[in-house]
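Descriptive analysis of the structure
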Amino acid sequence: MKLKISVQATEITEDTEKASTQSIFSVLSVAKCFFKMKHIAMKYILSRAIATLFLCIAAQPLFAEPASKIQASYDVIGFDMTLANISETFTRSGDNYQIESVTKAVGLLARFKPETVRIISHGKITAQGLVPLGFSLTREVDTHKNSSAKFNWGKSVITHTDYKGVNDLELANGTQDRLSVLYHLPLLVKTHQTEFKFGITDGNNLKHYSFNLNAAEQNIHVPMGSFKARYISNAPLAEQMQYEIWMASERDYFPYKIIVTDSKGVKLTQVLTDISITP
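Topic: the nonpolar core
Counting residues in each nonpolar core, the largest one holds 42 residues, and the members touching the most others are Phe90, Phe135, Trp246, Tyr256 and Ile275. Each residue touching Phe135, except ones within four places of it in the same chain, is listed here: Ile119, Ile120, Ser147, Ser148, Ala149, Phe151, Asp177, Arg178, Leu179, Asp202 and Gly203. Of all hydrophobic cores here, the second largest spans 19 residues; its members include Leu185, Phe198, Ile232 and Ile245.

What follows is the structure in structure tokens.
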């Protein structure tokens with residue numbers, strides 16, 4: 001049996017902080033306004049969008065009866081326009097998993113930076129959640145920014161490989177990569193804990209995060225309808241990203257909406273537009 005849900009994401013909006021750049025982007029929906037901007041200013045703004053865009057986390061959670069395959073599509077929205085499309089495939093074979101995510105810039109962003117980013121995570125599924133074994137991020141244009149991580153749980157060592165070379169770091173229990181983490185969080189929510197602490201790697205750096213789960217359910221309305229949702233977020237430290245995730249309680253804590261904010265205040269919203277599930 002195959003379940004398919006299609007969602008139009010263009011109507012999703014979120015109140016954002018009144019940052020100085022927001023007044024500029026409030027009129028970006030009118031195409032000719034872009035072309036009146038000075039070339040240097042436009043390149044700066046878009047470069048900020050690109051930097052945040054490719055730090056986004058994209059993933060789907062595990063269901064009560066884990067699917068053998070999940071195919072999902074997303075829009076990444078920022079500055080009142082769609083910046084990228086994400087196509088993602090989760091596959092499970094026994095207690096092994098693999099996630100492959102492909103992000104492609106679209107629209108105006110693609111005119112200035114026609115980048116495609118492919119991310120792969122693979123590992124084990126355990127009673128404690130996901131246990132990543134390998135992670136890789138490759139870019140078609142900026143290939144010098146490619147990175148990877150290998151998890152040696154037996155020796156408690158994670159090995160990063162990037163433009164700086166090869167670097168070994170201490171690997172703590174529960175560490176995730178930026179693609180596996182949203183599969184991992186719904187499993188933790190079911191344990192009735194309210195605070196979750198673990199590291200997240202992007203192949204370049206390993207940063208430690210503390211997520212807090214709001215005790216109260218929220219009534220959220222999206223194009224799919226109205227849902228009761230649990231809200232989880234982290235309080236960012238230093239240069240950390242802030243993640244805000246709304247997990248639908250009646251959909252096995254499916255994260256249908258994610259907001260990512262970088263340390264400079266650039267905010268991007270990732271919304272589900274299509275999903276196909278094979279049990």
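Here the narrative resumes, following the displayed structure.
A short note on the side chain of Asn204
For Asn204, the position within the fold is in the loop between strand S11 (195-201) and strand S12 (206-213). Sequence-distant contacts of Asn204, defined by excluding residues within four places in its chain, comprise Ser147, His160, Asp162, Tyr163 and Lys164.

Considering the confidence of the model for the protein
In this model, the protein carries an average pLDDT of 79, and 75% of its residues clear a pLDDT of 70 or more. Every residue in residues 1-41 scores below 50 in pLDDT, and together they form 57 contacts with partners more than four places removed in sequence or on other chains. Between residues 57-65, whose pLDDT stays under 50, and residues either more than four places distant or in other chains, the model counts 47 contacts.

What to know about the environment of Val166
Its location among the elements puts Val166 in strand S9 (residues 165-170). Note: C-alpha distance between Val166 and Ser147 (19 residues apart in sequence) is 10.0 Å. Setting aside chain neighbours within four positions, we find Val166 in contact with Thr159, His160 and Thr161.

Considerations on the environment of Ala105
Of note, Ala105 is situated in strand S4 (residues 96-105). Note: C-alpha distance between Ala105 and Thr116 (11 residues apart in sequence) is 6.6 Å. Ignoring any residue separated from it by four or fewer positions in sequence, one finds Ala105 in contact with Leu83, Ala84, Ala110, Lys113 and Glu115.

Quick look at the packing of aromatic side chains
For the coordinates displayed, the defined rule picks out 6 aromatic pairs. Ring geometry for Tyr209 against Phe211: centres 6.1 Å apart, planes inclined by 25°, an arrangement best described as stacked. Between Phe211 and Tyr243, the ring centres sit 6.4 Å apart and the planes meet at 25°, which makes this aromatic pair stacked. Placement of Phe211 in strand S12 and of Tyr243 in strand S15 (residues 242-248) is noted, with a sequence separation of 32 residues between them. When sorted by exposure, Phe211 lands in the same class as Tyr243, which is buried. Through successive ring pairs, a cluster of aromatic residues spans Phe198, Tyr209, Phe211 and Tyr243. The lysine or arginine in question, Lys257, covers the ring of Trp246, its NZ or CZ lying 5.7 Å from the ring centre.

The rules behind each value
- Residues numbered from 1 in each chain as written.
- Predicted model: local features only at pLDDT ≥ 70, side-chain atom pairs only at ≥ 80, totals over all residues.
- Heavy atoms only, no water.
- Core = buried A, V, L, I, M, F, W, Y, C linked by side-chain atoms within 4.5 Å.
- Buried < 20%, exposed > 50% of the residue type's maximum accessible area, 1.4 Å probe, protein only.
- Contact = heavy atoms within 4.5 Å.
- Helix = DSSP H or I, 4+ residues; strand = E, 2+ residues; numbered from the N terminus.
- pLDDT = per-residue confidence, 0-100.
- Phe/Tyr/Trp six-rings, centres within 6.5 Å; stacked < 30°, edge-to-face > 60°.
- Lys NZ or Arg CZ within 6 Å of the ring centre and 35° of its normal.

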